[in-house]
Amino acid sequence: MAAANYLQSEDQFLCSICLDVFTDPVTTPCGHNFCKNCINEHWNTSNRCLCPICKEGFTTRPGLRVNTLISEMVAHSSEQQVSKPGEVPCDVCTGTKLKALKSCLVCLVSYCETHLEPHLTMSGLKRHQLIDPVENLEGRMCTKHDKPLELFCKTDQTCVCMLCTVSDHKMHDVVPLKEEYEGKKAELGKTEAEIQQMIQERRLKIQEIKHSVDLSEEDADREIAEGVQVFTSLKESVERGLKELINTIKEKQKTTEKQAKAFIKELEQEISELMKRSTEVEQLSRSEDHLHLLQSVQSLNIQQPPPTKDWTEVSVRPSYEGTVVKAVVQLEETLSKKMKKLLKAELKRVQQYAVDVTLDPDTAHPDLILSDDGKQVNDSDVRKNLPDNSDRFSKCACVLGEQSFSSGRFYFEFQVKGKTKWTSGVARESVNRKGQITTSPGNGYWTIWLRNVNEYEALDDPSVRLSLKSPPQKVGVFVDYEEGLVSFYDVDAAAFIYSFTGCSFTEKLFPYFCPCSNDGGKNSAPLIISPVRVN
């Protein structure tokens, strides 16, 4: 059957009443087809049963039977999908374009199921090469020779036709498209596997980040709760101290008032006695009886005033000086105790991030002596003959730890007992190891040091003089890489020493130790990396 005879017009599938694709198509005696509901409703609203197309009349309403052929053709047509955006349409379809099932590399045409039929049944067309539907079939033809691109030139990494191999690509490494396709497909499979691995790694990283956020939220809630508890306690201490201060002052004022009342009462009594004597003196002085006056004055000793107290030094002015200062000192002592308790808790938390640090002999200055276990270092004042490798410090008597850190948190401790000078902290990987060293954050060092007697400094930008209550014997160093934090603690006293904050770390960080010069034996004690014991 020829393709033209096989194909049907889309209009043959449309009902002339509803103008849509047939639903339950039926045929009238005159041979015309309609939807079953359409023709029945048409006749239900008419006085006569006429064919809507040819107007043939029927004396009685004819019986209608389903047109099996048209039903099957409509069903077959509906099974074929209309081409959607992104899909290859049939090049032969007119009007509504159906989805192409195959493309022919010989005809350079894409066909839907219906229009593909000749390629599946006709012997001449069956020899054509069919592939899954693709657009731009012209792009599969050699623009120079108008032949199919069936080969791949590995030399020039391009698709070629048969004629290209005897002209422009002669003597090149040419293979069939299928062979190169299989190789590329294998490479793509490997690439896909790598991409899937990368996707999986990133999904795991997302889970890790989400978990970190959850942990951060838990930490934040815990810190907030602890902060509320601490500040509530501090507030209560302040309020209690204020209340006690006010009560003390008020009690002193009450005592003053009570004392003043007693003095006033006593003074009033003396005034009363004096006024009584004054009256007696006045009356006697008016007497004209010479004998009576002289006898009365002598017998009653009326010229002498009644016994009274010497009020010259008596005072009721209380002193409140020092009352507030004393209250503040007591409050400070209370706060100091609470602060010490908090610092103990903080130190205990950071000690959970303890790492095992050992000294790296390849970085040690030639004057330094390292213990066999890599835990102690001191200066010998004698330069050893060591290879001057790129990692070794050549000017400053210092050494780095073997361990490096580029993320997360870490903590280590070292002893400085018996030393008169030392410097320690952390340093970034790229610090200058050959020239003169200036230890500061700008140069890649986050350190503190001891110079002379109890002269401690944080070598910040600029340096900060540290006022420590007592010389630390063991120092703890805590680093939070992402937070940009380096903190120092007096381990034995559970006291805070100093923090570098807002640091921007972009390289590996190493523990840094400088025992300083031997100083003729005055500073011979070693710096000792000590194991962390959580108290």
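Residues numbered from 1 in each chain as written. Predicted model: local features only at pLDDT ≥ 70, side-chain atom pairs only at ≥ 80, totals over all residues. Heavy atoms only, no water.

Concerning the overall build of the protein chain
Condition: Elements are defined by DSSP. Helices are runs of H or I of four residues or more, strands are runs of E of two residues or more, and each kind is numbered from the N terminus. As defined in this context, the radius of gyration uses C-alpha atoms, and a globule is described by 2.2 Å times the residue total to the power 0.38. For every residue, the accessible area obtained with a 1.4 Å probe (protein chains only) is divided by the maximum for its type, and the residue is called buried under 20%, exposed over 50%, and partly exposed between those limits. Two residues form a contact once any of their heavy atoms are found within 4.5 Å.
If you tally the helices and strands in the protein chain, you get eight helices and 24 strands. In terms of overall dimensions, the protein chain is more spread out than a globule: its C-alpha atoms have a radius of gyration of 54 Å, far above the 24 Å expected for 535 residues. A principal-axis box enclosing the C-alpha atoms of the protein chain has dimensions of 180 × 100 × 40 Å. Put simply, the protein chain has 535 residues, and 30% of those count as buried. Intrachain contacts of the protein chain at a sequence separation of at least 6 include 56% that bridge at least 24 residues.

Regarding a nonpolar patch on the surface
Counted only if it meets this: Note on patches: the residues involved have over 30% relative accessible area and no salt bridge, like charges join within 9 Å, and the nonpolar side chains Val, Leu, Ile, Met, Phe, Trp and Tyr join within 5 Å. Accessible surface is estimated by sampling points in the Shrake-Rupley manner with a 1.4 Å probe; for residues, cover comes only from the protein chains shown. Counted as salt bridges are all cases of a side-chain nitrogen of Lys or Arg within 4 Å of a carboxyl oxygen of Asp or Glu.
On the surface, a cluster of nonpolar side chains totalling about 270 Å² of accessible area is made up of Leu267, Ile271 and Met275. Summarising the element assignment, Leu267 is placed in helix 6 (residues 177–285). Owing to a relative accessible area of 31%, Leu267 belongs among the partly exposed residues under this scheme.

Details of helix 2 (residues 36–44)
Stated formally: The reported arc concerns the directions from the helix axis to the C-beta atoms and nothing else.
Here helix 2 has its buried residues at Cys38, Ile39 and Trp43. Down the axis of helix 2, the buried set is contained in an arc of 125°. They therefore lie on one face. Exposed and oriented more than 90 degrees from the buried face of helix 2 are Asn37, Glu41 and Asn44. Tucked inside the fold, the buried residues of helix 2 contact strand 1 (25–27), strand 2 (33–35), strand 3 (49–50) and strand 4 (57–58).

Points about the sheet that holds strand 7 (residues 109–111)
Two orientations exist for strands paired in a sheet by backbone hydrogen bonds: parallel and antiparallel. The condition is simple: Pairing between strands requires that DSSP locate at least two bridges from one strand to the other. All axes are obtained by fitting lines to C-alpha atoms, using only the stretch in contact for helices, and the reported angles, taken between N-to-C directions, cover 0 to 180 degrees.
Spatially, the three strands line up as an open sheet ordered 7-6-8, and their pairing is antiparallel. The open sheet has two free edges, formed respectively by strand 7 and strand 8 (130–131), since each of these has just one partner strand. Against the sheet, helix 4 (residues 113–121) touches strand 6 (102–104), strand 7 and strand 8, its axis set at about 110° to strand 7.

Let's talk about the pairing of strand 15 (residues 409–415)
Among the seven residues that make up strand 15, five are buried, leaving the element largely enclosed by the rest of the structure. Judged from the three bridges that link them, strand 15 and strand 24 (residues 527–530) form a sheet pairing that is antiparallel. The residue of strand 24 that forms the bridge with Gln415 is Ile528.

A word on the confidence of the model for the protein chain
How we decide: The predictor's confidence in any single residue is recorded as pLDDT, a number from 0 to 100.
With 95% of its residues at a pLDDT of 70 or more, the protein chain shows a mean pLDDT of 87. In this model, residues 1–8 is a region of pLDDT below 50 whose contacts with residues beyond four sequence positions or in other chains number eight contacts.

A closer look at helix 8 (residues 323–350)
How we decide: A helix is expected to span 1.5 Å multiplied by its residue count minus one.
Between its terminal C-alpha atoms helix 8 stretches 40 Å, which fits the 40 Å expected from 28 residues at 1.5 Å a residue. Taken as a whole, helix 8 has its buried residues at Thr323, Ala327, Leu343, Leu347 and Val350. The inward-facing, buried residues of helix 8 contact helix 6, strand 15, strand 20 (474–480), strand 21 (485–490) and strand 22 (495–500).

A word on the packing of aromatic side chains
Selection rule: What counts as a ring pair is set by centres within 6.5 Å for rings of Phe, Tyr and Trp (its six-membered ring), and what kind of pair is set by the plane angle: stacked under 30 degrees, edge-to-face over 60, tilted for all other angles.
Tallied over the full model, the rule gives 16 aromatic pairs. Between Phe414 and Trp422, the ring centres sit 5.7 Å apart and the planes meet at 75°, which makes this aromatic pair edge-to-face. Relative accessible area serves as the criterion here: at 0%, Phe414 is assigned to the buried category. For Trp422, a relative accessible area of 1% corresponds to the buried category. Ring centres 6.1 Å apart and planes at 70° place the aromatic pair Tyr489 and Phe496 in the edge-to-face group. Overall, Tyr489 belongs to the buried group, its relative accessible area being 1%. Taken together through their ring pairs, the aromatic side chains of Phe412, Phe414, Trp422, Tyr456 and Phe513 make up a single cluster.

Observations regarding the pattern of salt bridges
Under the defined criterion, the tally for this structure stands at 17 salt bridges. The closest approach of N and O atoms between Lys144 and Asp168, which form a salt bridge, is 2.9 Å. Linking Lys144 in the loop between strand 8 and strand 9 (151–153) with Asp168 in the loop between strand 10 (158–160) and strand 11 (174–176), this pair joins segments that are 24 residues apart in sequence. Overall, Lys144 belongs to the exposed group, its relative accessible area being 54%. With a shortest N-O distance of 3.7 Å, Glu223 and Arg349 are connected by a salt bridge. Of this pair, Glu223 sits in helix 6 while Arg349 sits in helix 8; the two residues are 126 residues apart in sequence, bridging distant segments of the chain.

Observations concerning the pairing of strand 20
Within strand 20, seven of the seven residues are buried, which leaves it mostly tucked inside the rest of the structure. When strand 20 meets strand 21, the two strands line up antiparallel, connected through six bridges. Bridge pairing links Asp480 to Leu485 in strand 21. Counting the residues in the hairpin turn of strand 20 and strand 21 gives four residues, including Gly484, whose phi is positive at 70°.

Regarding the environment of Ser296
Quick note on the threshold: Any N or O atom pair separated by 3.5 Å or less is treated as a polar contact, with the protein-specific requirement of one donor-capable and one acceptor-capable atom, and with residues adjacent in sequence counted only for side-chain atom pairs.
Looking at the element boundaries, Ser296 is found in helix 7 (residues 290–300). Relative accessible area serves as the criterion here: at 10%, Ser296 is assigned to the buried category. Put simply, Ser296 and Asp381 are 85 residues apart on the chain and 108 Å apart in space, counted from C-alpha to C-alpha. Reaching out from Ser296, the side chain makes a polar contact with the backbone oxygen of His292 at a distance of 2.8 Å.

Remarks on the side chain of Ser499
As for its position among the elements, Ser499 is in strand 22. A polar side-chain atom of Ser499 sits 2.5 Å from a polar atom in the side chain of Ser487.

Let's talk about the sheet that holds strand 16 (residues 422–428)
Overall, antiparallel pairing links the six strands, which are arranged 14-23-16-17-18-19 in an open sheet. In this open sheet, the two edge strands, each paired with only one partner strand, are strand 14 (399–400) and strand 19 (464–466). Bridging between strand 16 and strand 17 (residues 445–451) involves six bridges; their strand directions are antiparallel. Looking across to strand 17, one finds that Trp422 is bridged to Leu450.

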